[in-house]
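Each chain, written out:
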Amino acid sequence: MARGGLIIFDYLLDESEDMHSLLLTDSSTLLIGGLQNHILEIDLNTVQETQKYAVETPGVTIMRQTNRFFFCGHTSGKVSLRDLRTFKVEHEFDAFSGSLSDFDVHGNLLATCGFSSRLTGLACDRFLKVYDLRMMRAITPLQVHVDPAFLRFIPTYTSRLAIISQSGQCQFCEPTGLANPADIFHVNPVGPLLMTFDVSASKQALAFGDSEGCVHLWTDSPEPSFNPYSRETEFALPCLVDSLPPLDWSQDLLPLSLIPVPLTADTLLSDWPAANSAPAPRRAPPVDAEILRTMKKVGFIGYAPNPRTRLRNQIPYRLKESDSEFDSFSQVTESPIGREEEPHLHMVSKKYRKVTIKYSKLGLEDFDFKHYNKTLFAGLEPHIPNAYCNCMIQVLYFLEPVRCLIQNHLCQKEFCLACELGFLFHMLDLSRGDPCQGSNFLRAFRTIPEASALGLILADSDEASGKGNLARLIQRWNRFILTQLHQDLQELEVPQAYRGAGGSSFCSSGDSVIGQLFSCEMENCSLCRCGSETVRASSTLLFTLSYPEDKTGKNCDFAQVLKRSICLEQNTQAWCDNCEKYQPTIQTRNIRHLPDILVINCEVNSLKEADFWRMQAEVAFKMAIKKHSGEISKNKEFALADWKELGSPEGMLMCPSIEELKNVWLPFSIQMKMTKNKGLDVCNWTDGDEMQWGPARAEEEHGVYVYDLMATVVHILDSRTGGSLVAHIKVGETYHQRKEVSEGVTHQQWYLFNDFLIEPIDKHEAVQFDMNWKVPAILYYIKRNLNSKYNLNIKNPIEANVLLAEASLARKQRKTHTTFIPLMLNEMPQVGDLVGLDAEFVTLNEEEAELRSDGTKSTIKPSQMSVARITCVRGQGPNEGIPFIDDYISTQEQVVDYLTQYSGIKPGDLDAKISSKHLTTLKSTYLKLRFLIDIGVKFVGHGLQKDFRVINLMVPKDQVLDTVYLFHMPRKRMISLRFLAWYFLDLKIQGETHDSIEDARTALQLYRKYLELSKNGTEPESFHKVLKGLYEKGRKMDWKVPEPEGQTSPKSAAVFSSVLAL
């Protein structure tokens, strides 16, 4: 059948008795099995029988296929494993003594259910037989609480099994665990029995078929995706015969197609005569005049630049000559901030649109990030899953106390968000305008159970389509990250980091510095109508704006709304101990201590809140115009030169332009004061107030605190791209001093951070919110002179003992399997020491690509790689060439492809239960590399740029010696390590698979060879001749190493024997 349910063809089987199973082995080949002693193979393109395979055990009722075997289930209770090419039996399992009901295969597990022979006949067996396909033997059976008739694996986060009974009971359990009665659900079939069951390829939908012919569809979301890259599902239409409208034959315009008729070869009454139905092709539209004007002819072929007035590879036809207007909407470019302006206007400003990376054959190497970021600050790449939080990471980084505090933190927990955030901040510190990626931070983020429970982990499909509400999502993420960092840093010695006078009285010894920065102590009072009052102390890390209910157009300052939100008063039902029942109570909130950083979630989640912001901005705009026009009218007698200076900082009067006053309701500064009766006064603060009071006097003598706006996070509404999140951040002078490396830099500047796009903006742009496309989500206000209260020195917490010997996570590792010798104390590396480095990777997610109309491939999303093995070898000394790090990285995420041919990693090497390798966590190995970077060693390797990128490390360029570039001529191809080793060292490496020890040691030898050939870089001309000879030889050999007669490699060198002797 086709997708719409139409029958394409019928095929009659001559020798069949009763067909039970179909298996589509590829897009055009079908296997059919039944109660006879053979299986038929049919080609769907030619609708012909191509093969007939004999089966020893007749009655094939179920067939499955993996990349290793065909699995055939027989009525006798056996499951046979057959070769994919010859269909011969390789192995056979006798699962049940009666009959087989169903089975499924996933990874290395085969699970079966069926019937066992009893005295009274066949009985449904409540034990599932599970087999390990690696050892080809049965493992512990799985007892379930339903009568299993169907089963399927649902491999999402774990390899869960769905077991279904014919009565409609559904149970989920792990194949190697214990079944829990609480995991049983019930399907309500129309008929008495369920007859079939299956799972969609995306694992998001379950389909049940009952005996009455009804299909029940279960999903985990309202709009599931049934297949990867699937089109919209076309469901079968209901029968229309009983609901056809009556037709009036007297109506000339009545369409007769309302009555469905069967397809027939006979002539219909409505058919036109052949003379009146001659085909007339549609006339082609004329060629654009601009193309004809700019065309250049070479022979009989004309070439012209694309004027970009039509969709690519499509020509719109005008169905009516009177239609003078047609849609000339141009296709969205790969990046909305492309070099050429789009021909149509769009409401979203160009720099605020969602930016994407255009991938080429070289990946990211030829993508011009400098076009989007001309500053020295580092952007963040957006292609990683759950990278919607990039803007909030930037906000936290540009809070100086948070930046220093997080980088001083280091703990032993494997997945600690504070540690990973500190590593990411260190990369942002080292970067000189190059983008970074938070892959390790987001990897740890995905392992936090609370993040999943709060719905903060998005599926790839939801993130790409923009289905999630990003504004609500980032506000929940904001609350989560502050709470998580507060918990992670709870063990730190707080008094050492905080030097303020107020800090010792506010924070307890068990509190964290995050608590000192963000926490606000409050008193929650509940007053019952009986007169009893209950006071309870609490604290919060952020506030949520609560808007007034009235919709009048009166002016309402932001300070008033903020005060209402902080000192919240509400009526609610609560328990009263005096009345001993729930009573209506008045709950009020009083502030005991103000935070140093005031974090506000705007909660603009509906049209009502958006209209409130829009209305207040209009009222504020009218008042500002009236105020500034009044100030100018008071000073009418200005000279011409004075008028020119009005808008300048040096002028007597600051007059912002009309554009700067539009859509502004948010103040740049607010003043907050604690009153004696535990009240709170909040008001907007302007530069004139500062000139009148002075910040020092206001804070010290009157207890008045001034908060300055430091960052705003906004939600960009763009229907074409699904929306995005950006941040406006006021970057302080300390950050400019570090990046510009010059003394006396004292300026502050507002910047727009849109993933890897960074652009300086005017300060008024940070508070302008056009609610049609730019909606505020989060506000950060910081107390004046905040940095003076905290110790902003960063002490590197990574010490040399991370390089010493450590235990392996693998249970089966033995000393005889050791492939490296850890560094001794007298071998600790020094500045400038050489270290050979190589890494191997596995694939977590396959790349997403599309084929263009011209046949070229365009990468939409690159494959997600994870580091699986890291090797470092000594670059000097008596033990030169011997590894001191050879760590296999344990991973909890599902590996799609081990890339064994290129990485040497095999299934099981990264599993702590069965691995014989030296297995460690990613964090443990990351700390070793970070220590080597911080100490100043020079890394030698081949293709280190990709290695460091996947490991998520930022290494200064003067510490990287990459043999890819040492033996490279400009505008020529890169040369593989295998070819360089054969050409210069007469070594034949990487025979069957890659080995990181071999590759790292070879790269070191190549670097020594480079120093020898170039005379330590003093004779570039002679080395250039060597490179020319290398490229000439490579072209002759087609860059292929001749087949080895006797394999020799650095691994067999004598120096490796000392490792084996260990």
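Just so it is clear, the model here is predicted, and its values are computed rather than measured.

A.B. asks: Describe the overall build of the chain, listing the residues and the values that go with them.
C.D. replies: The number of helices and strands found in the chain is 26 helices and 44 strands. Counting every position in the chain, which comprises 1062 residues, the buried fraction comes to 44%. In the chain, 60% of the contacts between residues at least 6 apart in sequence involve partners at least 24 apart. Carbon and sulfur atoms make up 52% of the accessible area of the chain, which totals about 57,700 Å².

A.B. asks: Which residues make up the environment of E92, and what values do they have?
C.D. replies: Along the polypeptide, E92 turns up in strand β8 (residues 89-94). Residue classification places E92 among the partly exposed positions, given a relative accessible area of 36%. Remark: the alpha-carbon pair of E92 and M136, spanning 44 residues in sequence, is separated by 9.1 Å. In this view, E92 contacts T57, K78, V79 and S80; residues no more than four positions away in its chain are not counted.

A.B. asks: Give a description of the side chain of D210 that names residues and reports values.
C.D. replies: For D210, the position within the fold is in strand β20 (residues 205-210). For the buried D210, no salt bridge exists, and the shortest N-O distance to an oppositely charged side chain is 16 Å, to R152. Engagement of the side chain of D210 in a polar contact is seen with the side chain of H216, the distance being 3.0 Å. Excluding residues that lie within four positions of it along the chain, D210 makes contacts with P189, V190, G191, L193, L194, M195 and H216.

A.B. asks: So, the packing of helix α23 (residues 977-985) against helix α24 (residues 996-1014): which residues are in play, and what are the values?
C.D. replies: How two helices sit against one another is set out by the angle between their axes and by the gap between those axes. In contact at an axis separation of 10 Å, α23 and α24 are set at 50° when each is read in the N-to-C sense. Comparing the axis directions of α23 and α24 gives the class oblique. Once α23 is placed against α24, the crossing between them reads as left-handed. Listed contacts from α24 to L977, L980, A981, F984 and L985 of α23 are D999, T1002, A1003, Q1005, L1006, K1009 and L1013. Residues belonging to the contact of α23 with α24 are distributed by class as follows: eight nonpolar, two polar and two charged.

A.B. asks: Residue-level account of a nonpolar patch on the surface, with values.
C.D. replies: Taken together, the side chains of V298, F300, I301 and Y303 make up a nonpolar region of the molecular surface, amounting to roughly 500 Å² of accessible area. Tracing the sequence through the fold places V298 in strand β22 (residues 296-298). For V298, a relative accessible area of 56% gives the class exposed.

A.B. asks: I'd like a description of the packing of aromatic side chains, backed by residues and values.
C.D. replies: Applying the stated criterion across every chain yields a total of 44 aromatic pairs. Between the aromatic rings of F172 and F185, the centroid separation amounts to 5.7 Å while the plane-to-plane angle is 65°, which identifies the pairing as edge-to-face. Remark: F185 occurs in strand β18 (residues 184-186) and F172 occurs in strand β17 (residues 169-173); sequence separation between them is 13 residues. Of the residues examined, F172 reaches a relative accessible area of 14% and is grouped as buried. Relative to Y1010, the ring of F967 lies with its centre 6.1 Å away and its plane at 75°, an arrangement referred to as edge-to-face. Residue F967 is found in the loop between α22 (963-966) and α23, and its partner Y1010 is found in helix α24; the two are separated by 43 residues along the sequence. On the basis of relative accessible area, F967 is assigned to the buried category, the value being 0%. In textbook terms, an aromatic cluster arises when at least three aromatic residues are bridged by ring pairs, as seen for F967, F979, W982, Y983, F984, Y1007, Y1010, F1023, Y1031 and W1039. In this arrangement the basic side chain of R738 is found over the ring face of Y735, its NZ or CZ atom lying 4.6 Å from the centre.

A.B. asks: Can you lay out the nonpolar core for me, pointing to particular residues and giving the numbers?
C.D. replies: As a rule of thumb, nonpolar side chains are buried together in soluble globular proteins. Grouped together as the largest cluster of nonpolar side chains are 102 residues, with contacts concentrated most on Y388, I474, W477, F518, Y780 and F939. Looking at this core, the element that brings in the most residues is helix α4 (residues 417-430), giving nine residues. Aside from chain neighbours lying at most four places away, what touches F939 is V835, L837, L929, L932, I933, L944, F948, V955, Q959, V960 and L961. Formed by 55 residues, the second largest nonpolar core is a distinct cluster that contains L594, I716, M771 and V775.

A.B. asks: Now, about unusual backbone geometry: what can you tell me, with residues and values included?
C.D. replies: With the exception of glycine, the majority of residues adopt a negative phi angle, and the majority of peptide bonds are in the trans configuration. We note that E603 has phi near 55°; this positive angle belongs to a residue other than glycine. Within the fold, E603 resides in the loop between β29 (597-601) and α13 (607-634). The class for E603 is partly exposed, based on a relative accessible area of 28%. At D755, a position not held by glycine, the phi torsion is positive, near 60°. Within the fold, D755 resides in the loop between β34 (749-754) and β35 (757-760).

A.B. asks: Describe helix α12 (residues 558-566), and please don't skip the residues or the numbers.
C.D. replies: Among the residues of α12, those classed as buried are F558, A559, V561, L562, S565 and I566. Projected down its long axis, α12 shows its buried positions confined to an angular sector of 160°, all on one face.

A.B. asks: Which residues make up the sheet that holds strand β2 (residues 29-34), and what values go with them?
C.D. replies: Sheet architecture is open: four strands sit in the order β1-β2-β3-β4, paired in antiparallel fashion. Across the chains shown, the open sheet's two edge strands, defined by having one partner strand only, are β1 (19-26) and β4 (48-54). Direction aside, the axes of adjacent strands within the sheet are offset by 25° on average. Summarising the sheet, β2 and strand β3 (residues 38-43) pair through four bridges and their orientation is antiparallel.

A.B. asks: Any chance you could break down the side chain of S866 for me, citing the residues and the numbers?
C.D. replies: Among the structural elements, S866 can be located in strand β40 (residues 864-874). Those residues in contact with S866, other than ones at most four positions away along the chain, are E840, F841, V842, L844 and V950.

Rules and cut-offs
- Residues numbered from 1 in each chain as written.
- Predicted model: local features only at pLDDT ≥ 70, side-chain atom pairs only at ≥ 80, totals over all residues.
- Heavy atoms only, no water.
- Helix = DSSP H or I, 4+ residues; strand = E, 2+ residues; numbered from the N terminus.
- Buried < 20%, exposed > 50% of the residue type's maximum accessible area, 1.4 Å probe, protein only.
- Contact = heavy atoms within 4.5 Å.
- Areas by Shrake-Rupley, 256 points an atom, 1.4 Å probe, with all protein chains shown as cover.
- Lys, Arg positive; Asp, Glu negative; His and termini not counted.
- Salt bridge = Lys/Arg side-chain N within 4 Å of Asp/Glu carboxyl O.
- Polar contact = N/O pair within 3.5 Å; in protein donor to acceptor, adjacent residues only side chain to side chain.
- Axes fitted to C-alpha atoms, helices over the stretch in contact; angles between N-to-C directions.
- Parallel < 35°, antiparallel > 145°, perpendicular 65-115°, else oblique.
- Left-handed = near helix turned anticlockwise from the far one by under 90°.
- Nonpolar A, V, L, I, M, F, W, Y, C, P; charged D, E, K, R; others polar.
- Patch = residues over 30% accessible without salt bridge, like charges linked within 9 Å, V, L, I, M, F, W, Y side chains within 5 Å.
- Phe/Tyr/Trp six-rings, centres within 6.5 Å; stacked < 30°, edge-to-face > 60°.
- Lys NZ or Arg CZ within 6 Å of the ring centre and 35° of its normal.
- Core = buried A, V, L, I, M, F, W, Y, C linked by side-chain atoms within 4.5 Å.
- Arc of directions from axis to C-beta.
- Pairing = 2+ DSSP bridges.

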